[in-house]
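Below, each chain spelled out in residue letters.
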Amino acid sequence: MPIIAITREMGSLGKDVAAALGHELGLPVVYHEVIDHLADRMRVRKSHVIRLLDGSAGLLERLTADETSLAIFTADEVYAIAARGGAIIRGWGATHLLHDVPHAISVRVCAPFELRKKRMMQRLGTDDGEQVADEIRLNDEAHSAIVRRHFGVQWNEPEHYDIVLNTKRLTVGECVAEVLALARSPQFEDTAAAQQKLDDLSLAARVRAALRRAPETRAAQVQVASDTGRITLSGATSTDEMLAFVEVASAVPGVRDVAYRTHPGEEVRPRFH
């Protein structure tokens, strides 16, 4: 089943495209469910998560937010959703997280600023164009900052997507037809190799999340890689820290083996009884 990740600009009709794709393919459109899970895992209110993501969080909220945990748990949620099967995932950095998954399609839906402003004014039933324009700019800036911080890219550059759709030129139906054509093409076929790539990314994300939750490894910086269930870690500064990493990672469901890389090409495998 296809996995379609969509990022959109406010007022671009990206929500409509996602909903129409979900209806056409009989797949769930995922967005709000991620908010619920993140709020529970970070032990904050859903409104706090939403304000952090749309750039409207106040100073105190930003100071008390654990943005590293937000990024780690978001990645874990997105990969878990994708690994369960077909889905339309809207937002959450899914277009960047799933970019290397062969059968995942990364879609950007966009439109010129003035058209987006006009649409949002109609949707909100207001004639205050200045206020709506400010909201759109704030949303765009927040999205840009989050993607740049967590993925090191400019989110509006077309090379980061498989397809970019401009709803000034294309109707929602035409956008859906373009994405469906990609989903049904051989290069996005769900093969065993493609599924293994997704499984490895998902397992590595689960291990990162487990390391973040565990008190003894929460504050440490560690790199995690997975190869068919075999986890390789690196980044410890002491033997005790290394052993803590390996112990936490070994307990994650799906992990078959854990090795720790101390130097390029050199690995150790602590054993636990």
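Everything below is about the structure shown above.
Note that the structure is a prediction, hence the values are computed from the model and not measured.

*Asks:* I'd love a proper account of the pattern of salt bridges, names of residues and values included.
*Replies:* Under the criterion given, the structure shown has six salt bridges. A salt bridge links Lys117 to Glu114; the shortest N-O distance between them is 3.3 Å. Highlighted residues: Lys117 and Glu114, both in helix 7 (residues 113-124), separated by three residues, approximately one helical turn. Among the charged side chains, a network of salt bridges with common partners joins Glu9, Arg108, Arg116 and Asp140.

*Asks:* Residue-level account of the sheet that holds strand 3 (residues 87-90), with values.
*Replies:* The strand order 2-3-1-4-5 describes an open sheet built from five strands, whose pairing is parallel. Of all the strands in the sheet, just strand 2 (29-30) and strand 5 (163-166) have a single pairing partner and so form its edges. Here strand 4 (residues 104-110) runs beside strand 5; their pairing, made up of four bridges, is parallel. Of the residues in strand 5, the one forming a bridge with Val107 is Ile163.

*Asks:* Quick rundown of the packing of helix 7 against helix 8 (residues 129-151)? Include the residues and the values.
*Replies:* Direction vectors running N to C along helix 7 and helix 8 enclose 115°, while the axes themselves pass 9 Å from each other. The two elements helix 7 and helix 8 meet at a crossing, and its hand is right-handed. Between helix 7 and helix 8, the residues in contact are Phe113, Arg116, Lys117, Met120, Met121 and Leu124 and Gly129, Val132, Ala133, Ile136, Arg137 and Asp140, respectively. Per-class residue counts for the contact of helix 7 with helix 8 are seven nonpolar, one polar and four charged.

*Asks:* Before we move on, can you summarise the environment of Pro253 with the specific residues and values?
*Replies:* Its location among the elements puts Pro253 in the loop between helix 11 (239-250) and strand 8 (257-263). When its relative accessible area of 62% is taken as the criterion, Pro253 is described as exposed. Counting along the chain gives 24 residues from Pro253 to Gly229, while the straight-line C-alpha distance between them is 9.7 Å. Setting aside its immediate chain neighbours within four residues, Pro253 contacts Leu203 and Arg206.

*Asks:* Pulling in residues and values, what's your account of the packing of aromatic side chains?
*Replies:* Under the defined criterion, the tally for this structure stands at one aromatic pair. Centroid distance Tyr31 to Trp92: 5.6 Å. Interplanar angle 35°. Geometry classified as tilted. Of this pair, Tyr31 sits in the loop between strand 2 and helix 2 (32-42) while Trp92 sits in the loop between strand 3 and helix 6 (94-97), and the two are 61 residues apart along the sequence. On the accessibility criterion, Tyr31 (24% relative accessible area) is partly exposed. Classification of Trp92 by relative accessible area gives buried; the value is 10%. Between the NZ or CZ atom of Arg90 and the centre of the ring of Tyr31, over which it lies, the distance is 4.3 Å. The side chain of Arg108 reaches across the aromatic face of Trp155, ending 5.3 Å from its centre.

*Asks:* Residues and numbers for unusual backbone geometry, please.
*Replies:* One non-glycine residue, Leu13, lies in positive phi territory at about 75°. Mapped onto the fold, Leu13 is located in the loop between strand 1 (3-8) and helix 1 (14-25). Non-glycine residue Thr228 carries a positive phi angle of around 50°. Thr228 gets classed as partly exposed once you look at its relative accessible area, which sits at 35%.

*Asks:* Which residues make up helix 9 (residues 172-183), and what values do they have?
*Replies:* One turn of the α-helix equals 3.6 residues, which is why residues spaced by three or four share an orientation. Spanning twelve residues, helix 9 covers 17 Å between terminal C-alpha atoms, matching the ideal 16 Å at 1.5 Å per step. When helix 9 is considered as a whole, its buried residues turn out to be Cys175, Val176, Val179, Leu180, Leu182 and Ala183. Down the axis of helix 9, the buried side of the element spans an arc of 155°, and every buried residue falls inside it. Structurally, helix 9 contributes buried residues whose contacts are with strand 1, helix 1, strand 4 and strand 5.

Rules of the game
- Residues numbered from 1 in each chain as written.
- Predicted model: local features only at pLDDT ≥ 70, side-chain atom pairs only at ≥ 80, totals over all residues.
- Heavy atoms only, no water.
- Salt bridge = Lys/Arg side-chain N within 4 Å of Asp/Glu carboxyl O.
- Helix = DSSP H or I, 4+ residues; strand = E, 2+ residues; numbered from the N terminus.
- Pairing = 2+ DSSP bridges.
- Axes fitted to C-alpha atoms, helices over the stretch in contact; angles between N-to-C directions.
- Left-handed = near helix turned anticlockwise from the far one by under 90°.
- Contact = heavy atoms within 4.5 Å.
- Nonpolar A, V, L, I, M, F, W, Y, C, P; charged D, E, K, R; others polar.
- Buried < 20%, exposed > 50% of the residue type's maximum accessible area, 1.4 Å probe, protein only.
- Phe/Tyr/Trp six-rings, centres within 6.5 Å; stacked < 30°, edge-to-face > 60°.
- Lys NZ or Arg CZ within 6 Å of the ring centre and 35° of its normal.
- Expected span 1.5 Å × (residues − 1).
- Arc of directions from axis to C-beta.

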